[in-house]
There are 2 protein chains.
Amino acid sequence: MSERFAAGELERFIAGVLTREGLPAGDAADVARLMVAADRTGFDAHGIFRLPDYLKRIRAGGINRTPKIAIVRETASVALVDGDNGMGHLAVERAARTAIRKASETGIGWAGTRNGNHAGAASVYAAMPLAHGMIGIYGAVGGGNQMPPWGGTDLLLSTNPLAAAIPAGNGTPVVMDFATTVASMGRIRTVAQRGEAMPEGWMVARDGTPLTDPARAPEGLLLPMGGYKGYALALVIGLLAGTLNGAAMGGDLIDYIADNDRAANTGQFICALDPAAFGDPAAIGSAVDRVAGEMRGSATMPGVDSVLVPGDGRAARLADRAANGIPIPDALRATLDGIAEETEVAPLGS
Amino acid sequence: MSERFAAGELERFIAGVLTREGLPAGDAADVARLMVAADRTGFDAHGIFRLPDYLKRIRAGGINRTPKIAIVRETASVALVDGDNGMGHLAVERAARTAIRKASETGIGWAGTRNGNHAGAASVYAAMPLAHGMIGIYGAVGGGNQMPPWGGTDLLLSTNPLAAAIPAGNGTPVVMDFATTVASMGRIRTVAQRGEAMPEGWMVARDGTPLTDPARAPEGLLLPMGGYKGYALALVIGLLAGTLNGAAMGGDLIDYIADNDRAANTGQFICALDPAAFGDPAAIGSAVDRVAGEMRGSATMPGVDSVLVPGDGRAARLADRAANGIPIPDALRATLDGIAEETEVAPLGS
């Protein structure tokens, strides 16, 4: 069961809690807005659901409450943002704004982050350039190593997500957002919270046999999407988002949830690309509409109602949640009520 | 069975044939070099194997023998290259050189192509920035629609490949190159040429049942790698490589092999990213070596000898073929001997 709350109410609660924990009011409001942006668009495993983990890290000293986020290297079209171990959302939003500014000047901007932290949903950042008529591409090193290289058993890779957002003309923008593992740990945790089993193919045990009990996830190995191709993609994203920026990747990546008190040195990248550099943006937008419309208009396989374009589900959830609020499952509600009591912030719906 | 030939001998043959077909000697030599770059690195389905298809297109008037390739739009970090319907390799190499030049000036360069053609192996172009110490990222619209959108049956997507190359320090560069379908049509054609069956999971019939006879490939649907995630990736790559550049994508994409006499308007993109914009390139290279070494050093699953990093197989094939020549299967050899007779160019090994 769940109850729905307006996005603004979730933001009020998160910002109140983070301020109480010692974050400056402006930073707390920014983080709340960026967390709830995930909930607004249906990425439930990456929004307010993560607040308890973030609080544990803040309280254990694993996150700097008052970071000085700065651009530490810069060329005409590239920047490297140092997050000073603050909340990851702040560094990535700074990177996104920087990439957009550079793209408006040179056609493309790329910004990497280091000394950051978990920043929530990939598509929140990939979609930021949309408001400027631009394409966004985002990648990140995930929050801990849960996947081995293809054929191996050492946990050296995370769920390293990839997201992209492409503006359309009159239609819904194309927004892709996926973990390079078959399933993300966030998704497994929501399955666990609902008391369900994982389908075969999400995880295996160290001997290669299927593992479907989400409670046993800590001893299992996540599998890459598409076999060895997903391994390659996870590795490349990790090198671009982590290694290139001087952020953690491979053996030096910690588990941001289990390892509360150490700096995670999380890395991300965001690229903004301006369609105006290629031609008339309106004509390009119309062409995107045409291609997307062809996909939606496809005849379907037996048993399939309709064909979707990546981003269609997001747009539907965005509209539903703007009108009807964001559903908070009872188990999460109880956790948040506990946080309300600890922090003396008025609980959701009060 | 196969016989091996030196790369230079393959280049001599291809350049001779293309010159005979009316390409300027310089363009013919460039195309030969770029085609054989695929054979040198083991991408056998994208090198000299494609010569018969290219010849059919040239002879049918589907390719402009004497293109005027030009940069038609340009910003500080972005360029759009018009291939004037010449051989695709020429436009993409021009794009790669342009992206590298811009990256050396601004940290990153992105170049798209339109009015191009099939350009061979993705990793040939993604790897070009390596010689300048840079990262390369490449995507393309494939040579015909063989995949439906997820859940659909209309053929609206191609194998849209993605490739990336990341320089290492002392070690082998990381080079990823894959079709976003489970299998590429090139791979299916080499399987067909060897008289083998396809594994289940590569293709399905229109009713969703498995299709394993490569001779029936024209009536089948390719499946995306990783299910709906691969569909999203194929679509996004197609929008970036095709639609953004004013090139074909979706309903207006022709089959470059079957539809010989019409311009294909193939699109590709290449991005070059300079590690020097992020920090000391030597330190970044060492960090890439460290991460790659961790992958190779992983304990293995039962039955697996060793863990590879993407690019390791390429490096091994590159070394083997430089020392021992490039294997040409007898069936391909017979085809090439036929071309030699038609064009009065001395056959391979003469």
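Data block above holds the structure.
What counts as what
Residues numbered from 1 in each chain as written. Chains lettered and ligands numbered in written order. Predicted model: local features only at pLDDT ≥ 70, side-chain atom pairs only at ≥ 80, totals over all residues. Heavy atoms only, no water. Helix = DSSP H or I, 4+ residues; strand = E, 2+ residues; numbered from the N terminus. Buried < 20%, exposed > 50% of the residue type's maximum accessible area, 1.4 Å probe, protein only. Axes fitted to C-alpha atoms, helices over the stretch in contact; angles between N-to-C directions. Contact = heavy atoms within 4.5 Å. Nonpolar A, V, L, I, M, F, W, Y, C, P; charged D, E, K, R; others polar. Pairing = 2+ DSSP bridges. Phe/Tyr/Trp six-rings, centres within 6.5 Å; stacked < 30°, edge-to-face > 60°. Lys NZ or Arg CZ within 6 Å of the ring centre and 35° of its normal.

### As for unusual backbone geometry
In most cases, non-glycine residues show a negative phi, while peptide bonds are predominantly trans. Residue and element names in this part refer to chain B. For N85, which is not glycine, the phi dihedral falls at a positive 60°. Structurally, N85 is set in the loop between β3 (78–82) and α4 (88–106). On the basis of relative accessibility, which here comes to 16%, the residue N85 falls in the buried class. Notably, N115 is not glycine yet its phi reads approximately 50°, a positive angle. Looking at the element boundaries, N115 is found in strand β4 (residues 108–116). What makes N115 partly exposed here is its relative accessible area of 28%.

### Overview of the packing of helix α3 (residues 51–60) of chain A against helix α10 (residues 330–343) of chain A
Residues and elements named next belong to chain A. The N-to-C vectors of α3 and α10 enclose an angle of 35°; their axes lie 10 Å apart at closest approach. On α10, the residues touching L51, P52, L55 and R59 of α3 are T335, L336, I339, E342 and T343. Within the contact of α3 with α10, the residues separate by chemical class into 5 nonpolar, 2 polar and 2 charged.

### Focus on the sheet that holds strand β10 (residues 266–273) of chain B
Residues and elements named next belong to chain B. Ordered in space as β2-β3-β4-β10-β5-β6-β7, the 7 strands form an open sheet in which the pairing is mixed. Of all the strands in the sheet, just β2 (70–74) and β7 (174–178) have a single pairing partner and so form its edges. Neighbouring strand axes in the sheet, compared pairwise and without regard to direction, differ in orientation by 15° on average. Pairing of β2 with β3, which is carried by 4 bridges, proceeds in the antiparallel orientation. Opposite A70, over in β3, you have D82 as the bridge partner.

### Notes on the sheet that holds strand β6 (residues 162–166) of chain A
All names here are of chain A. A sheet is described by the order of its strands in space; here 7 strands give the open sequence β2-β3-β4-β10-β5-β6-β7, paired in mixed fashion. For this open sheet the edge positions go to β2 (70–74) and β7 (174–178), each flanked by a neighbour on one side alone. Strand-to-strand, the axes of this sheet are offset by a mean angle of 15°, without reference to chain direction. Across the sheet, helix α4 (residues 88–106) lies against β2, β3 (78–82), β4 (108–116), β5 (135–140) and β10 (266–273), angled at about 160° from β4, the strand it touches most.

### Regarding the packing of aromatic side chains
Residue and element names in this part refer to chain A. For the coordinates displayed, the defined rule picks out 6 aromatic pairs over all chains. Centroid distance Y54 to Y256: 6.3 Å. Interplanar angle 45°. Geometry classified as tilted. Of this pair, Y54 sits in helix α3 while Y256 sits in the loop between α7 (228–241) and β10; the two residues are 202 residues apart in sequence, bridging distant segments of the chain. The buried category is assigned to Y54, whose relative accessible area is 1%. A centroid spacing of 5.6 Å and a plane angle of 25° characterise the contact between Y125 and Y138, whose relative ring orientation is stacked. Separated by 13 residues along the polypeptide, Y125 in helix α5 (residues 122–126) and Y138 in strand β5 bring together distant segments of the chain. For Y125, a relative accessible area of 0% puts it in the buried group. Seen from the ring of F43, R317 lies directly overhead, with NZ or CZ sitting 5.7 Å from the centre.

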